[in-house]
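The residues making up each chain are set out below.
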Amino acid sequence: MKPYFLSMTYRIHAMQKSSSLLCNDDYEIKAEETDDRLKLRLFPKAEMEISSFSLTFDYDYIKYNRIFVNGYQSWTDSREYHPDEMMTVVNKLVRKKILNSPASRGSDMHFVPAETEKGTFHGYSYSYIRNGINIDLIGSVSERSGYTVIFFDTNKNTVTVKKDLEGVKFSEPAELLDLAWIKDEYNAAFDRYFEYMQIPPIEKKLHSGYTTWYNYYGNVTEKIVKRDLQSLVNLPERVDIFQIDDGYQSAIGDWLIVNKKFPSGMKACADAVHEKGMKAGLWLAPFAVTPNSKVFKEHNDWLVKDDCGQPLCVGHNWGGFYALDIYDKGAREYIKHFFDVVLNEWGYDMVKLDFLYACCTKPIHNKTRGQIMCDAMDFIRECVGDKLILGCGVPMAPAFGKVDFCRIGADMGLDWRRNPYTTREDVSTPNAIYNTVFRRHLDGRAFLNDPDVFLLRDNNMFMSYKKRKLIAKINHIFGNLLFTSDNVDRYNDSKINAFLAAVDKNKETFISAEMTKKRDLTIVYEDKGQRHTLCFNVENGRIKRND
């Protein structure tokens, strides 16, 4: 194979925080180029801050290319684009309103500018340019030096790779970049990429389950848990995991103080699940705390602070929430303690860990956002040990190889719509579908993909049954953690059969997925030796072909 990087020319651009261009008197960068991998190491000659560091490659795009951009975190829309499309961006008025507010902290809008013209795109950690079954995969092998942001400009015929190095002063030699550029068939390219990251393949095995969230949300009670648990036992097939979501705790951050809706306590709930032959799962947002919590009131010193030394609000959920500093000794001991109780005293087998991005919204302790997130995922795995982790609201690459399951898309809506006046991370059935299909390459390589729930019930739903079954089908083809939130006691025979098909351990064989500019998505797959074609419009859910 011809060494790809050795045949390319690239331009390095580095700026000081003072906006002056760095010169060789300030630093030395040593490059190691082998086959399809480029490593850059910085040797500063004095303490320095780099506000911008990028490499630009020339690339000849053609109209048949499809450009995949990986969104910032679990919920960020991620899909393939035609070279002359306009990337999905937040409405200008909305962006201006929330740019410096907590609502923007779960997105990249406060540290990466939005695209302003057709043919320009950006993604995180890895992306690809596809031509048929072959791709150019551009991917960071490690995000420990900072997030890698990959920009595509089909108007200028360039690919630019930038590092988010904000907040770090360099005085010692440091790795800046470890980049792979792999030209190969789609699956072979991703296999090699994960080999470079030294993440072994994961056996693809479908896990079925139930979560309380998408029917009861924060109003879940112990009575509801026991009722829906018994309903699942009455099905012909047993699901694998029963998960209790947000609503059991007294406040966000006070995970061990159970509210009055669960009078028997959380250990009793886990025991009840185990008695029915299922694994017990519990939801937590381990880095998040709200002002009404005991931990916020008593341990303000554990929180990430803003530039004025005040607790930094990192999200608008629950009326606004704050983040624990994962490097603070007291905060770390607290996190270790509640995981120990949940997993070992209460006996839960899996934790769904949500809003994980909260810990890295601001560079702290001379560490970049990417380094903080990588350190956080290492810490999480250390705390949880060999119990199961379902990651959510987490930047993708730092979670690779650290979680067993991971949400790869937005929260599924109870209706089929998109709200254009919000962030790219908001609840959206279309965005959940895009990510389920176009992040399929992560399944069995980084973790097992959680495409979010399928819901077959009639009550508390605002889309047709045909669309509900379509979501279940898409999730079955592409996902390996398939949850519902239905009280299945209300199912008729038809819905029971649809549910059993959705959690069937025998999965289809995916063949191809192509999408037009009008968002008509055609999926070809094989099931029991027969080839099938499914075509529908992702934006409205209208099915055009299903044979």
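Computed from a predicted model, the values in this text were never measured in an experiment.

1. Quick notes on the overall build of the protein
A count of helical and extended segments in the protein gives twelve helices and 28 strands. Rg of the C-alpha trace for the protein: 23 Å, near the compact-globule value of 24 Å for 547 residues, within the 12% margin. Across its three principal axes, the protein shows a C-alpha extent of roughly 70 × 60 × 45 Å. Among the 547 residues that make up the protein, the fraction classed as buried is 61%. The contacts of the protein with a sequence gap of at least 6 include a subset with a gap of at least 24, amounting to 70%. As displayed, the protein offers around 22100 Å² of accessible surface, 48% of which is attributable to carbon and sulfur atoms.

2. Some details on the sheet that holds strand E19 (residues 321-323)
One open sheet accounts for three strands, arranged E17-E19-E18; its pairing is antiparallel. The open sheet has two free edges, formed respectively by strand E17 (288-289) and strand E18 (313-315), since each of these has just one partner strand. Bridging between E18 and E19 involves two bridges; their strand directions are antiparallel. Bridge pairing links Gly315 to Phe321 in E19.

3. Section: the side chain of Ser107
Residue position: Ser107 is located in the loop between helix H1 (92-98) and strand E7 (120-124). What Ser107 contacts, discounting residues up to four positions off in sequence, is Tyr72 and Glu425.

4. Details of the state of the cysteines
The final tally for this structure, using the stated rule, is zero disulfides. Cys374 carries a free sulfur, and the closest cysteine sulfur to it, the one in Cys360, is 9.2 Å from it. Given a relative accessible area of 6%, Cys374 falls into the buried group.

5. Re helix H5 (residues 266-275)
Every buried residue of H5 is listed here: Met266, Cys269, Ala270, Ala272 and Val273. All buried residues of H5 fall inside an arc of 160° around its axis, so they share one side.

6. Re the packing of helix H7 (residues 329-345) against helix H8 (residues 369-384)
A pair of packed helices is captured by two measures, namely the crossing angle of their axes and the spacing between those axes. Contact geometry for H7 and H8: axes closest at 9 Å, N-to-C directions at 40°. Compared by their axis directions, H7 and H8 come out oblique. The handedness of the crossing between H7 and H8 comes out as right-handed. Within the contact between the two elements, H7 uses Arg332, Ile335, Lys336, Phe339 and Leu343 and H8 uses Phe379, Ile380, Glu382, Cys383 and Val384. Taken together, the residues of the contact of H7 with H8 sort by class into seven nonpolar, no polar and three charged.

7. A short note on helix H4 (residues 222-233)
With twelve residues, H4 extends 17 Å from end C-alpha to end C-alpha; this agrees with the ideal 16 Å at 1.5 Å per step. Regarding H4, the residues found buried are Glu222, Ile224, Val225, Asp228, Leu229, Ser231, Leu232 and Val233. Considering only its buried residues, H4 is in contact with strand E14 (207-211), helix H3 (213-216), strand E15 (241-244) and H5.

Parameters at a glance
Residues numbered from 1 in each chain as written. Predicted model: local features only at pLDDT ≥ 70, side-chain atom pairs only at ≥ 80, totals over all residues. Heavy atoms only, no water. Helix = DSSP H or I, 4+ residues; strand = E, 2+ residues; numbered from the N terminus. Rg over C-alpha atoms; globule rule 2.2 N^0.38 Å. Buried < 20%, exposed > 50% of the residue type's maximum accessible area, 1.4 Å probe, protein only. Contact = heavy atoms within 4.5 Å. Areas by Shrake-Rupley, 256 points an atom, 1.4 Å probe, with all protein chains shown as cover. Pairing = 2+ DSSP bridges. Disulfide = S-S within 2.5 Å. Arc of directions from axis to C-beta. Axes fitted to C-alpha atoms, helices over the stretch in contact; angles between N-to-C directions. Parallel < 35°, antiparallel > 145°, perpendicular 65-115°, else oblique. Left-handed = near helix turned anticlockwise from the far one by under 90°. Nonpolar A, V, L, I, M, F, W, Y, C, P; charged D, E, K, R; others polar. Expected span 1.5 Å × (residues − 1).

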